[in-house]
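Residues per chain are reported as follows:
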Amino acid sequence: MSETETEPRTSETDTPSTTTAGETDEEIREEWRNYEFAGPAKIAVEDLDVYYGDDHALKGVSMDIPEESVTALIGPSGCGKSTFLRCLNRMNDRIKAAEIDGSVQFDGEEIYQDRVDLVELRKRVGMVFQAPNPFPKSVRENITYGPRKHGDIDTGLLARLTGRRDEKAAEDLVERSLKQAALWDEVSDRLDDNALGLSGGQQQRLCIARCLAVDPEVILMDEPASALDPIATAKIEDLIEELAEEYTVVVVTHNMQQAARISDQTAVFLTGGELVEYDDTEKIFEDPQSQRVEDYVSGKFG
Amino acid sequence: MARERYRDDLDALRADVVALGEDVVAQLERALDALEAGDEDAAEAVVAADAEINERYLDLEQACIDLFALQQPVASDLRFVAASFKILTDLERVGDLASNLGRYTRDTPESRLDTVDVRAIGAETVALVEAALDAYEREDVAACHRVAERDDEIDALCRTAGERVVRDLLGEAAADGDAWGVEAILEDVSRALLTVRDLERVGDHAVNVAARTLYLVDNDSALLY
């Protein structure tokens, strides 16, 4: 094979933080900011800063999240990846001390403006948390709760009084959502059992089914498999990949191997709330541009 | 699905390695035919086709690297990807050797090889690479050992052939005494020796394929030198 030509880099000697290619983090950031992913952007984040009081939790993060794919957010604890995830459906609004600056566009619409309906936003951008948190109700009610609240199906008191009962619609929804979450076969004969009686892995898939039941477009997952054993984890990972055919999935994970296995793009946040590198997952794990990212993904910490 | 795709990727790697091997064998056969017929055009076609083999080799190597980086294979999967990664190199080298044979024919089509039964040795090496590929595809341990044994026979054939080339052709030159004739004969000798050596190397690569297959099936390094 022929040798590749290398361009002499004049800036190499005076760069403050060196990288594998001799570029500064700033140059690298400039590169991936201009990077175009295969699909159109579902979510476009521009210069996002988050402060918790004096703590600057996210520093000027910009990234496009392409639709119908899996985007993984990795990085050490306290790097801001969960904060970033929670900005995507304004979950940080619930934290009083949080101050958010910058722009997050969802299908080209700014979500950080006063007239945004948060209930509608969170319906379209669903979330699954680290610990499975099903409602202490039956499997069936866990699925129908959301759509009923959103008025998508009517099985409540008013519906009963007015004689309108979408039992069939509710049944279909329960079956469809559980099937989509790869749980139907395991729980189809125990729909009226309390969801808290399911195993941890089943509870987590129920939470994913619950999220799917309101027909979201984006699914945010914060460490969705970290509380599960390897078999349950594998089921969740399979499910995530399957969901990406229809939905835009963003996953925060501490498990780098998991990010490598399931994601199309990977964003690496490092301490101090910085997004250091964001690229195709192959690129991040085979040839990262930043030395800090190289050290992080290869386990050379500190 | 992630696991399913991972299994599919592993199966695809196996199929692609075998397909590359089959095409390399075809290259080798075409090179031997061209050599026997002294057909320059056919020889040139073999040389030209090596670029495509190299390209596919690099693609498959990248597929292995992707599997390592993204799936972190362990246990038998790890041995399979690692072995395949090595086997690819051996197959690519067999392609290079076929290309060498093509080059010899292209450059000196009239050269004499009549003291050596290249066809017979060539057929043996082709059969050996095929047997090694088959052992890899079916993960057949006994077949791997047979490949190693058969290569010993090829080595013996090549040794004898090499000796005969030197004895017959150089003997002829000595008898001739003509300086111009000696030079022409030396060219024939070196080409014949290179041909024999390259075929012997093909056999060695077939053994490497078998050795890596043995490692992948049984974690057995018996045939690794």
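Definitions and cut-offs
- Residues numbered from 1 in each chain as written.
- Chains lettered and ligands numbered in written order.
- Predicted model: local features only at pLDDT ≥ 70, side-chain atom pairs only at ≥ 80, totals over all residues.
- Helix = DSSP H or I, 4+ residues; strand = E, 2+ residues; numbered from the N terminus.
- Core = buried A, V, L, I, M, F, W, Y, C linked by C-beta atoms within 7 Å.
- Buried ≥ 20, exposed ≤ 12 C-beta atoms within 10 Å, placed from the backbone.
- Contact = placed C-beta atoms within 7 Å.
- Nonpolar A, V, L, I, M, F, W, Y, C, P; charged D, E, K, R; others polar.
- Expected span 1.5 Å × (residues − 1).

Chemist: I tried to follow unusual backbone geometry on my own but got confused; where do I start?
Modeler: Phi is mostly negative for residues that are not glycine, and the peptide bonds are mostly trans. One non-glycine residue with positive phi stands out, namely Asp 47 of chain A, at about 50 degrees. By the secondary structure assignment, Asp 47 of chain A is in strand S1 (residues 41–52).

Chemist: What is the right way to read the nonpolar core from this model?
Modeler: The nonpolar side chains of soluble globular proteins are, as a tendency, buried together. The biggest cluster of nonpolar side chains holds 137 residues, and the ones touching the most others in it are Leu 73 and Val 249 of chain A together with Ala 132 and Ala 210 of chain B. For this core, the element with the highest residue contribution is helix H6 (residues 179–218) of chain B, accounting for 14 residues. The residues touching Ala 210 of chain B, leaving out its near neighbours within four places in the chain, are Ala 132, Ala 135, Cys 144, Val 147, Ala 148 and Leu 223 of chain B.

Chemist: Can you help me understand the interface of chain A and chain B in this one?
Modeler: By a widely used convention, the size of an interface equals the accessible area lost when the partners come together. At the junction of the two partners, chain A supplies 13 residues and chain B supplies nine residues. Mapped onto the side of chain A that touches chain B, the elements with two or more residues apiece are helix H9 (230–243), helix H10 (256–262) and helix H11 (281–286) of chain A. Per-element tally for the side of chain A that touches chain B: the top contributor is H9 of chain A, with five residues. Of the residues contributing to the side of chain A that touches chain B, the split by class is four nonpolar, two polar and seven charged.

Chemist: Please clarify how helix H2 (residues 40–71) of chain B should be interpreted in this entry.
Modeler: Because each turn of an α-helix spans 3.6 residues, side chains separated by three or four positions in sequence point in the same direction. Residue and element names in this part refer to chain B. With 32 residues, H2 extends 47 Å from end C-alpha to end C-alpha; this agrees with the ideal 46 Å at 1.5 Å per step. Every buried residue of H2 is accounted for by Ala 43, Val 46, Val 47, Asp 50, Ile 53, Tyr 57, Leu 60, Cys 64, Leu 67, Leu 70 and Gln 71. Positive phi shows up at Gln 72, right after H2, with a value of about 40 degrees.

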